[in-house]
Amino acid sequence: MTAPVPVPAALQRQYGVSRGGRQWLAGLPQAVSEAMERWDLTPDLAPGTEPWHGHGALVLPVSSPRGPAVLKAAYPHPEALTEPAALGLWSGHGAVRLHASHSGSGTLLLERLDHRRSLAGTDMDTAVEVWGKLVRMLSLPAGHSPGWAGVPSLAERVEQLSDELPADWEDLGRPFDRALLEAALEVSQTRGAVGRRSSNDVLIHTDLHFGNILYRDGSAGGEEGFVAIDPQAMVGEPEFAAAPMLWNRLEELDGDRPRTALRRRLAGLCSAAELDYEAARQWSVLREVENALDYTRTGQRDSAQRSVWVAASLAA
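Residues numbered from 1 in each chain as written. Predicted model: local features only at pLDDT ≥ 70, side-chain atom pairs only at ≥ 80, totals over all residues. Heavy atoms only, no water.

1. Some details on the sheet that holds strand β7 (residues 114-118)
By way of backbone hydrogen bonds, the strands of a sheet pair with one another, either parallel or antiparallel.
Here is step 1: With antiparallel pairing, the three strands of this open sheet are ordered in space as β7-β9-β10. Of all strands in the sheet, those with a lone pairing partner are β7 and β10 (225-228), marking the two edges. Sheet twist, expressed as the average angle between the axes of neighbouring strands with direction ignored, equals 55 degrees.
Here is step 2: For β7 and strand β9 (residues 213-216), the ladder comprises two bridges, and the chain directions are antiparallel. Within the sheet, the bridge partner assigned to Ser118 lies in β9 and is Leu214. (Pairing = 2+ DSSP bridges. Helix = DSSP H or I, 4+ residues; strand = E, 2+ residues; numbered from the N terminus. Axes fitted to C-alpha atoms, helices over the stretch in contact; angles between N-to-C directions.)

2. Quick notes on unusual backbone geometry
Here is step 1: Its identity is not glycine, yet Asp40 carries a phi of approximately 55 degrees, on the positive side.
Here is step 2: Note that Asp40 resides in the loop between α2 (19-38) and β1 (42-43).
Here is step 3: Even without a glycine there, the phi angle at Glu274 is positive, about 60 degrees.
Here is step 4: Position of Glu274 relative to the elements: it lies in the loop between α7 (258-273) and α8 (277-297).
Here is step 5: Given a relative accessible area of 65%, Glu274 falls into the exposed group. (Buried < 20%, exposed > 50% of the residue type's maximum accessible area, 1.4 Å probe, protein only.)

3. Thoughts on the pattern of salt bridges
Here is step 1: Applying the stated rule across the entire model yields 15 salt bridges.
Here is step 2: The residue Glu170 makes a salt bridge to Arg178 at a minimum N-O spacing of 4.0 Å.
Here is step 3: A relative accessible area of 38% means that Glu170 is categorised as partly exposed.
Here is step 4: Several salt bridges share partner residues, and in doing so they unite Lys72, Glu83 and Asp230 into one network. (Salt bridge = Lys/Arg side-chain N within 4 Å of Asp/Glu carboxyl O.)

4. Considerations on the packing of helix α5 (residues 154-171) against α8
Relative placement of two packed helices is described by the angle separating their axes and the distance separating the axes.
Here is step 1: Close contact between α5 and α8 brings their axes to 11 Å; oriented N to C, the two are set at 50 degrees. Taken as axis vectors, α5 and α8 run oblique relative to one another. Classified by chirality, the crossing of α8 by α5 is left-handed. Across the interface between the two elements, Leu154, Arg157, Val158, Leu161, Leu165, Asp168 and Trp169 from α5 touch Trp283, Leu286, Glu290, Leu293 and Arg297 from α8.
Here is step 2: The class makeup of the residues in the contact of α5 with α8 is eight nonpolar, no polar and four charged. (Parallel < 35°, antiparallel > 145°, perpendicular 65-115°, else oblique. Left-handed = near helix turned anticlockwise from the far one by under 90°. Contact = heavy atoms within 4.5 Å. Nonpolar A, V, L, I, M, F, W, Y, C, P; charged D, E, K, R; others polar.)

5. Focus on the packing of aromatic side chains
Here is step 1: What the rule picks out here adds up to five aromatic pairs.
Here is step 2: On the basis of an interplanar angle of 25 degrees and a centroid distance of 4.7 Å, the ring pair of Tyr15 and Tyr75 is categorised as stacked. Of this pair, Tyr15 sits in helix α1 (residues 9-15) while Tyr75 sits in the loop between β4 (67-74) and α3 (83-90), placing them 60 residues apart in sequence.
Here is step 3: Judged by relative accessible area, Tyr15 falls into the buried class, the value being 9%.
Here is step 4: Centre to centre, the rings of Trp24 and Tyr75 are 5.5 Å apart; their planes meet at 90 degrees, and the pair counts as edge-to-face. Taken together, the residues Trp24 in helix α2 and Tyr75 in the loop between β4 and α3 connect sequence positions 51 residues apart. (Phe/Tyr/Trp six-rings, centres within 6.5 Å; stacked < 30°, edge-to-face > 60°.)

6. Looking at empty space enclosed by the protein
Unfilled space is identified by rolling a water-sized probe across the atoms.
Here is step 1: Applying the stated criterion across every chain yields a total of two cavities of 30 Å³ or more.
Here is step 2: Estimates place the volume of the largest cavity at around 60 Å³.
Here is step 3: Val135, Leu138, Ser139, Val202, Leu203, Ile204, His205, Leu208, Pro238 and Ala241 are the residues that line the largest cavity.
Here is step 4: For the lining of the largest cavity, the secondary-structure elements that each account for two or more residues are α4 (124-138) and β8 (202-205).
Here is step 5: Tallying contributions element by element places β8 first for the lining of the largest cavity, with four residues.
Here is step 6: Among the residues forming the lining of the largest cavity, the class breakdown is eight nonpolar, two polar and no charged. (1 Å grid on protein atoms, 1.4 Å probe; cavity = no way out; pocket = protein on both sides within 12 Å on 5 of 7 lines; lining within 4 Å. Points joined across faces, edges and corners; volume = space filled by probe spheres on them.)

7. Quick word on helix α6 (residues 178-191)
Since one α-helical turn is 3.6 residues long, residues separated by three or four positions face the same way.
Here is step 1: Over its 14 residues, α6 runs 20 Å from end to end, which matches the ideal 20 Å to within 8%, given 1.5 Å per residue.
Here is step 2: Those residues of α6 lying buried are Leu180, Leu181, Ala184, Leu185, Val187, Ser188 and Arg191. Down the axis of α6, the buried side of the element spans an arc of 150 degrees, and every buried residue falls inside it. Facing away from the buried side of α6, by more than 90 degrees, are the exposed residues Ala179, Glu186 and Gln189. (Expected span 1.5 Å × (residues − 1). Arc of directions from axis to C-beta.)

8. Quick word on the nonpolar core
Here is step 1: Counting residues in each nonpolar core, the largest one holds 73 residues, and the members touching the most others are Trp131, Leu165, Phe176, Ile213 and Leu286.
Here is step 2: In terms of residues, this core owes the most to one element, α4, which gives eight residues. (Core = buried A, V, L, I, M, F, W, Y, C linked by side-chain atoms within 4.5 Å.)

9. Describing helix α9 (residues 301-315)
Here is step 1: With 15 residues, α9 extends 21 Å between its outermost C-alpha atoms, agreeing within 8% with the 21 Å of an ideal straight helix rising 1.5 Å per residue.
Here is step 2: For α9, the elements touching its buried residues are α6, α7 and α8.

10. Focus: the side chain of Thr107
Here is step 1: Tracing the backbone through its elements, the reader meets Thr107 in strand β6 (residues 107-111).
Here is step 2: Relative accessible area serves as the criterion here: at 0%, Thr107 is assigned to the buried category.
Here is step 3: For Thr107, the side chain forms a polar contact with the side chain of Ser105, separated by 2.7 Å.
Here is step 4: Apart from the residues lying within four places of it in its own chain, the contact partners of Thr107 are Ala31, Ala35, Arg38, Trp39, Leu71, Lys72, Ala73, Ala100, Ser101 and His102. (Polar contact = N/O pair within 3.5 Å; in protein donor to acceptor, adjacent residues only side chain to side chain.)

This is the structure:
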């Protein structure tokens, strides 16, 4: 029997502060061990090194009957539950290939990509073009096959936000101007169930930012090039995908006219992905207002201020 896989210290710090998080951490070694046996895997880690990890998952490089792969064990938050369904629908086209999944433990067996090569280290012009190509590839028209059952509706979520945002804004002590809240609520009405273009509904990777796009070298099959990882999937307007590319790498905006530069970046993203600029702008306002409230609730003041700035820059 192989030795238990160590849990990265960063995950222990992040999830050790809540009861649910501590329960997940306590069960993680067993979940990994069972997955290793289930799929006939062996660890592929250098001695003395920790597994990789993301914001909410342990990622262990392994050797498998399919060749080099990674075993992913994610914290069971709602967004993570959509990953197997989305990856199954994309079937390796524009996204990491899913070899196997186990719903009971939340473990996934995925193809191994080059974790050292992401769009986070790519110049902005190239990153925008790559992102746009991936958005076009991933935007599968909404369907009715069983595989779509595991992907939630954006329209339904927006209806919930219409009620939640004003209540949260009040409960959190009105942390930003009412005008920004009203701008977000206007978007929820314009782009929600009443105003949405249902014929344009597609599968959306809602967290498609620079760090969630890694390089596939093609050695194990599949087209070489950048592909998406870690989908938080929904079905709705494709313009909803733009926002994560705006709230990352803000330090690279023109310091003299940052708001103009932010809008210029959005225009470039929309051009590359063939999206409607106005719809993307509106969705980004709504998403950043929601983010600002979430960050305020969890005491992440700097992140909340960043989200307010992005939302205000786009709403102005």
